[in-house]
Each structure stands twice: as C-alpha cells, then as structure tokens.
Amino acid sequence: MSKKILIIYTGGTIGMEPSDQGYVPSTGLQSMLDQQLSHTTRSTLPDYDLLELPELIDSSNLQPQHWTVMGNLLLQHWQSYQGFVILHGTDSMAYSASALSFMFTGCDKPIIFTGSQIPLSQARSDGVENLSSALAFACSDNLHEVALYFGGRLLRGNRASKVASDGFTAFDSPNYPWLGDVGIHLRLNNAVLQPSCPADFSVPRFEAGKVLVLPIYPGMPVASLRPLLQADGIEGVILQTYGVGNPPDADPEFMALLNDAKERDVLVMNTTHCHTGHMAQGAYASGHALKALGVISGNDITLEAAVAKMNIALHSDMSRAEQREWLARPVCGELTP
C-alpha cells in the first residue's frame, strides 16, 4: 500500500507573498505548489493532503500556544497518515521541532519540519527541494522521531539550531550527527536514529510568560535583573553561561539572585554560550557554586530545546522534584547523558 503524508502548513517564508511592508504569510499554498511542480515532478512525490492553519504564523510571532495547535492537529490525524510534514517559518522552527519532540515521545511515524529561505512564489526558491525531500523522508519506516530537513540535511529536531540567516543550509546540529542527507540519493544514518519505543503523547495547554532566558555577559546590570527573576509567573530560568558552564560567582548580588530563585522553588537550568562541546558544571570552582544551588546542568542541550523542555515540564502534572529529574536526563535524544 502506498503511503500518504499529511502536510500541515503553519506559515513561514515558503508560502509568503511580497507586500508593501515586505513578505507576509499568504493562504493558498496548494495553488503555489501546483504552479511550481511540473506534472512529472508531482507524479514522483508521495501521495499527500495539505492542511492550512486558519491563522498562519509569521514564525517571529510564535508563542507556546501554537505548539498546542500543532500537537492537537497531529493527534487528530495520527491514525490516517503514515507520516507528517510541518511547513514552518525558519526563525523559530527549531523551537517548535524541539517542543513537539517532547510532546510526541515514542512516535512510530516521522514528523518532519521544513520550510524555505525564499518563498515558492519567487525565483530560485529552495522550497520545492526542501518540501520534496521532507516528503520522501516522511515515508521512511526507520524514522521514529521529530526531525528537521533543510538544505540537504536531515537533523534531529531537538538538536537543530538555525545557524545562517540567509544561506540555504540554514540549520545544523553542532553537537549531534545528521540523521541523514540528500545528494543523488536520500541517505539515513541508521546508527544515530531514535529507537522505536512505546508511545507517550501529551499535548499541554501552554501559558506564555513562565520561562526566562538569561544570557551572562561582562558588565550585565544585575540589579535590573531582580524584577525580571521575581516577576509574577516566572517558574523556570535558562542560564547561558560561559564555557563549560561557568557563572560570575564573584558577583555576590548575582549569586544571591540564584539563591533567591532556589528558595522560591524556581527551576534553573544551566546552558552554555558555546555552540559545540559539552558542559562540565563543577569543573571550575565557579561552576561548582551552581551545583550547590541546585542548578540543573543542561550539558550539550541547545537553547531551543532547553526553552521547549522547560515549558513542557512546567505545564506537566509532574511534581517539582520530578520536573528537576526529567529536565536533567535525556528524554528523546536532546542531550548527551
């Protein structure tokens, strides 16, 4: 039996049209595809249906609530299709791919995110190749995870980051091998794929404003951070520290802020500014201070995956202790043990 794929069009550059204010999301993606795909090309693609969101998203306006919309659509159509392709804007694609990886752990079908840097309506668009290859990967019997395909690279969704603002190879996974690549043939790196495991699907109802990202840099105004860290609703903080996870521990006001967060039972996860390599929180005395405050080491997790994972944890029915344990361990290949 031939496989049928559902394409979910959420918005993004791939379907945009030019306007006086620049590119804007546009409906009618199927007609754009009909114009771009020759009859021969269309006949070589897997059978698919196309579903457009009623309100298309410019990905720079993405909110966690949109993850609920995407997740519910997948749940609604899960039994009717053999794979899924989600068309999404590039700016926040890695955040959404990460979020859905935690919401659909143990999925037995591929969920592939893709998009384009140039709209389908414009010359030299990369959208046709990205969509065609994403559809092909969505038919794979060996993929049991959320992935991101772009510019010839198939990446684990929760390991991907946007690394180029205007290049066709806009995404990479600096701390994990590619799941596959495309040349004359499509190749899967079976050795690094997620193994099949029992399904554990959960689509939370998200509220914005629970997670704060705090990058560390020389001369940061620590006094100005206190209102942010103590704002109503903040329950999780993602630190971006130096190197292998080192904070400015010689700043007593900053360390006092972290201690205050600990006393208020705010979850704090430590990540690094570095794009490659693993954290070793505690290798230096400054990093050891974070361990003493109960800060969770994110090891080699990306910022996108850390933000998504923290949001998922905070909107779960887990206790605080269970949330801490869940954040610290690999759930679906997002960090190295």
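Predicted, not measured: the structure shown is a model, and the values here were computed from it. (Residues numbered from 1 in each chain as written. Predicted model: local features only at pLDDT ≥ 70, side-chain atom pairs only at ≥ 80, totals over all residues. Heavy atoms only, no water.)

S.K.: Before we move on, could you go through the overall build of the protein and cite the residues and values that matter?
M.R.: For the protein, the count of helices and strands is 10 helices and 16 strands. In terms of overall dimensions, the protein is globule-like: its C-alpha atoms have a radius of gyration of 21 Å, near the 20 Å expected for 337 residues. Seen through its C-alpha atoms, the protein measures out along the principal axes to roughly 65 × 50 × 35 Å. In the protein, buried positions account for 53% of the 337 residues. Partitioning the intrachain contacts of the protein with sequence separation of at least 6 by distance along the chain shows that 73% fall at a separation of at least 24. When the accessible surface of the protein is split by element, carbon and sulfur atoms take 51% of a total near 14,500 Å². The positive charge centre, built from 20 side chains, and the negative charge centre, built from 33, are 5 Å apart in the protein. (Helix = DSSP H or I, 4+ residues; strand = E, 2+ residues; numbered from the N terminus. Rg over C-alpha atoms; globule rule 2.2 N^0.38 Å. Buried < 20%, exposed > 50% of the residue type's maximum accessible area, 1.4 Å probe, protein only. Contact = heavy atoms within 4.5 Å. Areas by Shrake-Rupley, 256 points an atom, 1.4 Å probe, with all protein chains shown as cover. Lys, Arg positive; Asp, Glu negative; His and termini not counted. Charge placed at Lys NZ, Arg CZ, Asp CG, Glu CD.)

S.K.: Requested: an account of the sheet that holds strand β1 (residues 4-11), with residues and values cited.
M.R.: Read across the open sheet, the eight strands follow the order β2-β1-β3-β5-β6-β7-β10-β11; overall the sheet is mixed. For this open sheet the edge positions go to β2 (47-57) and β11 (186-188), each flanked by a neighbour on one side alone. Each strand axis lies, on average, 20° off the axis of its neighbour in the sheet, ignoring direction. In this structure, β1 lies alongside β2, joined through seven bridges in parallel fashion. Within β2, the position partnered with I8 by the bridge is L51. Each of β3 (83-87), β5 (111-114) and β6 (146-150) is contacted by helix α4 (residues 93-103), which is oriented at about 155° to β6, the strand it contacts most. (Pairing = 2+ DSSP bridges. Axes fitted to C-alpha atoms, helices over the stretch in contact; angles between N-to-C directions.)

S.K.: Can you explain unusual backbone geometry? Please cite residues and give values.
M.R.: Although it is not a glycine, R124 adopts a positive phi angle of roughly 65°. Relative to the helices and strands, R124 is located in the loop between β5 and α5 (127-137).

S.K.: Which residues make up the pairing of β5, and what are the values?
M.R.: Residues I111 and F113 point to one face of β5 and I112 and T114 to the other, with burial holding for every one of them. In this sheet, β6 lies alongside β5 in parallel orientation, the contact comprising three bridges. Within β6, the position partnered with F113 by the bridge is L148.

S.K.: Any chance you could break down the environment of V331 for me, citing the residues and the numbers?
M.R.: In this structure, V331 sits in the segment after α10 (320-328). Taking relative accessible area as the criterion, V331 reaches 24% and is therefore assigned partly exposed. Spatially, the C-alpha atom of V331 lies 10.0 Å from that of G106, the residues being 225 residues apart in sequence. Apart from the residues within four sequence positions on either side, V331 is in contact with F102, T105, K309 and W326.

S.K.: Requested: an account of the environment of P247, with residues and values cited.
M.R.: For P247, the location among the structural elements is in the loop between β14 (236-241) and α7 (252-263). Taking relative accessible area as the criterion, P247 reaches 5% and is therefore assigned buried. A C-alpha to C-alpha distance of 11 Å links P247 and G282, two positions 35 residues apart in sequence. Apart from the residues lying within four places of it in its own chain, the contact partners of P247 are T241, F254, S286, G287 and L290.

S.K.: Before we move on, could you go through the state of the cysteines and cite the residues and values that matter?
M.R.: In this structure the tally under the stated criterion is zero disulfides. In this model C107 remains outside any disulfide bridge; the closest cysteine sulfur is found in C197, 8.1 Å from its own. Looking at C332, it has no disulfide partner, and the nearest cysteine sulfur is the one in C197, 8.9 Å off. Overall, C332 belongs to the buried group, its relative accessible area being 7%. (Disulfide = S-S within 2.5 Å.)

S.K.: Report on the side chain of H88, specifying residues and quantitative values.
M.R.: Following the sequence through the fold, H88 ends up in the loop between β3 and α4. Side chain to side chain, H88 and S96 meet in a polar contact 2.8 Å long. (Polar contact = N/O pair within 3.5 Å; in protein donor to acceptor, adjacent residues only side chain to side chain.)

S.K.: Requested: an account of the sheet that holds strand β13 (residues 211-215), with residues and values cited.
M.R.: Two strands in a sheet stick together by hydrogen bonds in their backbones, pointing the same way (parallel) or opposite ways (antiparallel). Strand order in this open sheet of four strands is β13-β14-β15-β16, and the pairing throughout is parallel. Looking at the sheet topology across the chains shown, the edges are occupied by β13 and β16 (296-297). Taken together, the six bridges between β14 and strand β15 (residues 267-272) define a ladder with parallel strand orientation. From the neighbouring strand, L239 faces β15, where its bridge partner is N270. Here α10 sits on the sheet in contact with β15 and β16, set at roughly 10° to β15.

S.K.: Let's hear about the environment of S297: which residues, and what values?
M.R.: With respect to the element layout, S297 can be found in strand β16. On a C-alpha basis, the gap between S297 and R329 in space is 9.4 Å, while along the polypeptide they are 32 residues apart. Residues contacting S297, with those up to four places away along its chain left out, are N270, M279 and Q281. At 3.3 Å, the side chain of S297 forms a polar contact with the backbone nitrogen of N299.

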